Structure formats: structure tokens, C-alpha cells
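Structure at a glance
The residues making up each chain are set out below.
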Amino acid sequence: MPVSAVPDEMTVPRFLGKSTGKIDFVKKLVPEPGPGELLVRVKANALCGSERRQFFGGSEVTPGHEAAGVVADAGPGTHTAVGTPGVIYLMYFCGECRSCKLGFTNQCLNKRGDVGFNKDGGYGPYTLINESIFFPVDEDIPLAEATMLLDVMGTTRHAIERGQRLRQDVESIGIAGAGPVGLGALAMAKILFGAEATVLVSDLVPYRLGLAERLGGEVVDLREQTLAEGVRSHGLDAIDLVIDTSGKSVARQSYLEVLAKRGVLVCAGHGEDLNLDVSRDLIAPERAVLGSEYFCYCELASNLELLREHRPYLRQIITHKYPVQDIKEAFELFFEGNTGKVIVEQ
Ligand SMILES: [Zn+2]
Ligand SMILES: [Zn+2]
């Protein structure tokens, strides 16, 4: 039974797209949790670059896949108490396939959907989820900050650790793109590798480069220098581990040119191509190019510890908060590039 009264109806933003990011607000019934389900009262949802298509093209479901909220009602057979705060994992994993059994819930072989892409997500005030994708957080962590456990910390740490498996002696890290995921990768690299590691961040947007500098990154302003020039200007010959968050061919290609022997390039941003000369680029220097998609549910626990330890540092990544009524304005500012992470609250 719900502790506080859950209304029968709610108002949710409807993404109409129409190439202009048209959004109106419509009434919907608040769903009731069935067996194994939780109804979450969403308090904060972070905007994501991956929502560009939904914003401009429209969406059948309510978007939002970086949500944090409080359990408002719990269905039969669940174990999470009403009132528990937490975040929502993106993927409806089965928990039983070969991948899930090994912990690779991000590579579930029977995935049933993604929150905010084909199931209603976090821009509405209530969302219905399977209990298995809810991750409880401590009550003293503001829910806007808790959203960072998802793409900002989760996705980036997963990418970094995939690289580390192939390269143990990382001294220099390069990050393509200083958007929210790039800034998250920078922060996680600083936390995981310590102050000694050089973390280089490249981008074209001054606002984002300024933010990267504040987080301790060595910035390369690609409006003023090439990546190779930037690498040399920071006293490096080559980079051991590269995380591409830009999804741009030109970025991946130019990082490949400065990738060290035994270096690893991890592609974490969806988008364009990468051309490889296998002999020259991979075999002779024994380099690796990897993909990295989201993260495993089981990684949330240790990221929560890191968030607790480094909250003042990490929360600098959140630069703007908007009430859900102003969600269109929030997206417009976000896509202009002059933001870190933007949060919609309700
Ligand atoms: Zn996202
Ligand atoms: Zn599975």
C-alpha cells in the first residue's frame, strides 16, 4: 500500500518532435504496480545527448532514462519499502541468461526494453518499473546528484575499466568530448587513477572546456590547435588510454594517431565510423579498440561509494536544474552546448 496518497491521474510531457522539439503536457492514468513492480515518484531526471532524436523527432513513450525518485507504491512480492529513494537502471535485463548470470546485465540476451526509449521513463511524475532495475540510495544524497550514478559515473567507469583490463599501467588518459559523459569520464579517471595521471580532454566548446579545467583536466581547445599539437603542449608523446564520448569519426581518428603502443581506445559514444589499418594501427603496436555500452547493474554499489566520497567534486558536473514545466527550454540550452549535466526536477 502507498504511504502517501498516489493520485489517479498525472500530467506528463509528451514529446511531439516536429523537428522543433515540440512538447505539450497531457493527462495520463498513474499505473498500479503488479507483481514484482514498483511505482516510483520521480524527483529528478538528467537530460542526455542520446535523447536528441526523441526531442526533435518525437516519442511514443515518455522519455527519460536517468531518473531518481522515491518508491511510492510496491506491488505483490516486492521487497523494497515504500519511501525508499533510489535510481532506475536503463535496461530491463532478464537476470537469468548467460550474460546476466555473469553480471553483464548490459549485455542481457533477452533484454525486454529500455526505460525512456520503449518503456515510459523519468520525465513524468510517476513511472512503473520492475523492482530488479531499481537501485536504492542513501536518504542523505540529493536525488539530482544520485542521477550521476547512471550515465555520468556508471557508463564512464565501465568504459575506463574495460580499457584497464587490457592496459594495467595507464599514466595518461585522453577523453574525446567534454559533454556530460566526457566530463564524467574525466572525473572518474581522476578518482580512479589519482592525481598523478594526466587526463587530457578535447572539445570545441569553451564553456565545456572551462568545466573540464575546473575538474582537473588538461584541456585541448580544438578551435585553436590539433589534437596532436595539444598532446605535445601538455608534455606527452602519446596517450595510453582513450575514451571516446564524442561519437565523431574525426575525434576517433585523431586519437588513434596519438594512441601509445599497447594503447587502448574505448568507444563509448554512439555515432560515426572509425577506419583502421589493421597492421599499422593494431597489430604492430598491439593496440586495442573496444566498444563500451552503459554498465552492469552490479557496478552501481561501488559507484555509490565513490559518489559518497566525492560528492562536492562530482556535483560540479551538474550545471543547470529546471522544473519539468520548462523541459523544452532545458533541452534547447543543453543542445546549444553551454552546459554540463542538466537536470529536470519535479
Ligand atoms: Zn543517458
Ligand atoms: Zn539476461
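So, a few notes on the structure that sits alongside this text.

Quick notes on the rules
Residues numbered from 1 in each chain as written. Chains lettered and ligands numbered in written order. Predicted model: local features only at pLDDT ≥ 70, side-chain atom pairs only at ≥ 80, totals over all residues. Heavy atoms only, no water. Helix = DSSP H or I, 4+ residues; strand = E, 2+ residues; numbered from the N terminus. Rg over C-alpha atoms; globule rule 2.2 N^0.38 Å. Buried < 20%, exposed > 50% of the residue type's maximum accessible area, 1.4 Å probe, protein only. Contact = heavy atoms within 4.5 Å. Donors = N, O, S within 2.8 Å, 3.2 Å for Na, K, Ca; no water. Tetrahedral: all angles 85-135°; square planar, octahedral: opposite > 155°, others 65-115°. Pairing = 2+ DSSP bridges. Axes fitted to C-alpha atoms, helices over the stretch in contact; angles between N-to-C directions. Lys, Arg positive; Asp, Glu negative; His and termini not counted. Salt bridge = Lys/Arg side-chain N within 4 Å of Asp/Glu carboxyl O. Polar contact = N/O pair within 3.5 Å; in protein donor to acceptor, adjacent residues only side chain to side chain. Core = buried A, V, L, I, M, F, W, Y, C linked by side-chain atoms within 4.5 Å. Domains from an automatic or database assignment. Right-handed = clockwise from strand over helix to strand, strands pointing away. Parallel < 35°, antiparallel > 145°, perpendicular 65-115°, else oblique. Left-handed = near helix turned anticlockwise from the far one by under 90°. Nonpolar A, V, L, I, M, F, W, Y, C, P; charged D, E, K, R; others polar.

Along the chain, the regular secondary structure elements total 12 helices and 15 strands. Relative to its length of 346 residues, the chain is compact, with a C-alpha radius of gyration of 20 Å against a globular reference of 20 Å. Considered along the principal axes of its C-alpha atoms, the chain spans approximately 60 × 45 × 35 Å. When each of the 346 residues of the chain is scored for burial, the buried share is 55%. Look at the contacts in the chain between residues 6 or more apart in sequence, and 69% of them connect residues 24 or more apart.

Here we take up the coordination of the zinc ion (ligand 2). Of the protein atoms, only Cys94 (SG), Cys97 (SG), Cys100 (SG) and Cys108 (SG) coordinate the zinc ion (ligand 2), at distances of 2.3 to 2.4 Å. The site at the zinc ion (ligand 2) holds 4 donor atoms, and with the angles between them running 103 to 120°, its shape is tetrahedral. Here the donor residues of the zinc ion (ligand 2) are spaced in sequence according to C-x2-C-x2-C-x7-C. Here Cys94 and Cys100 have matching classes, each one buried.

Here the focus is the coordination of the zinc ion (ligand 1). Distances from the zinc ion (ligand 1) to its protein donors, Cys48 (SG), His65 (NE2), Glu66 (OE) and Asp151 (OD), fall within 1.8 to 2.3 Å. For the zinc ion (ligand 1), the 4 donor atoms in the first shell make angles of 87 to 135° at the metal, a pattern classed as irregular. One chain supplies every donor to the zinc ion (ligand 1), and in sequence these donors are spaced C-x16-H-E-x84-D. In this pair, Glu66 is assigned in the loop between helix H1 (52–57) and strand E4 (67–74) and Asp151 in helix H4 (residues 151–166), connecting sequence segments 85 residues apart. The exposure classification of Glu66 matches that of Asp151, with both residues buried.

In this structure, Ser19 takes a positive phi of about 65° despite not being glycine. As for its placement among the helices and strands, Ser19 is situated in the loop between strand E1 (9–17) and strand E2 (22–29). Positive phi is not limited to glycine here, since Tyr294 has a value of about 50°. In this fold, Tyr294 is placed in the loop between strand E13 (288–291) and helix H10 (300–309).

Attention now goes to the sheet that holds E13. With parallel pairing, 6 strands are arranged side by side in an open sheet as E10-E9-E8-E11-E12-E13. The open sheet has two edge strands with one neighbour each: strand E10 (218–221) and E13. Taking each pair of neighbouring strands and ignoring which way they run, the sheet shows an average axis angle of 20°. Along the sheet face, helix H5 (residues 180–193) touches strand E8 (172–176), strand E9 (198–203) and strand E11 (239–244) and points at about 165° away from the line of E8.

Below, the discussion takes up the side chain of Arg208. Here Arg208 lies in helix H6 (residues 206–214). Despite being buried, Arg208 has no salt bridge partner; Asp203 is the closest side chain of opposite charge, sitting 5.2 Å away. Reaching out from Arg208, the side chain makes a polar contact with the backbone oxygen of Thr339 at a distance of 3.1 Å. In contact with Arg208, other than residues within four places in its own chain, are Ala178, Gly179, Pro180, Leu183, Asp203, Phe334, Gly337 and Thr339.

Attention now moves to the nonpolar core. Looking at soluble globular proteins, one finds that nonpolar side chains tend to be buried together. Membership of the largest hydrophobic core comes to 74 residues, with the highest contact counts inside it found for Val87, Leu149, Met153, Ile173, Leu241 and Ile243. No other element matches H5, which puts 8 residues into this core. For this core, the domains that each give at least three residues are domain 1 (9–151 + 295–345) and domain 2 (152–291). Not counting residues within four places of it along the chain, the set of residues in contact with Met153 comprises Met148, Met188, Asn303, Leu306, Leu307 and Leu314. In this structure, Ala176, Leu256, Leu265 and Cys267 belong to the second largest nonpolar core, which totals 15 residues.

Right, let's talk about the pairing of strand E14 (residues 318–323) for a bit. Relative to strand E15 (residues 341–345), E14 runs parallel, the two sharing 5 bridges. Residue pairing across strands places Tyr322 opposite Val344, the latter belonging to E15. Crossover handedness for the path E14 to helix H12 (residues 327–336) to E15: right-handed.

As a packed pair, H5 and H6 sit with axes 10 Å apart at the nearest point and diverge in direction by 15°. The orientation of H5 relative to H6 falls into the category roughly parallel. For the pair H5 and H6, the sense of crossing is right-handed. Contacts between H5 and H6 involve Pro180, Leu183 and Leu186 on the former and, on the latter, Arg208, Leu211 and Ala212. Broken down by class, the residue content of the contact of H5 with H6 amounts to 5 nonpolar, no polar and 1 charged.

Once that is clear, we can look at the pattern of salt bridges. According to the stated counting rule, one finds 17 salt bridges in the structure shown. Close ionic contact of Asp240 with Arg167 constitutes a salt bridge, the shortest N to O distance being 3.2 Å. Of this pair, Asp240 sits in strand E11 while Arg167 sits in the loop between H4 and E8, placing them 73 residues apart in sequence. Pair check on accessibility: Asp240 and Arg167 agree, each one buried. Three or more residues are tied together by salt bridges with common partners; here these are Arg167, Asp169, Asp240 and Arg262.

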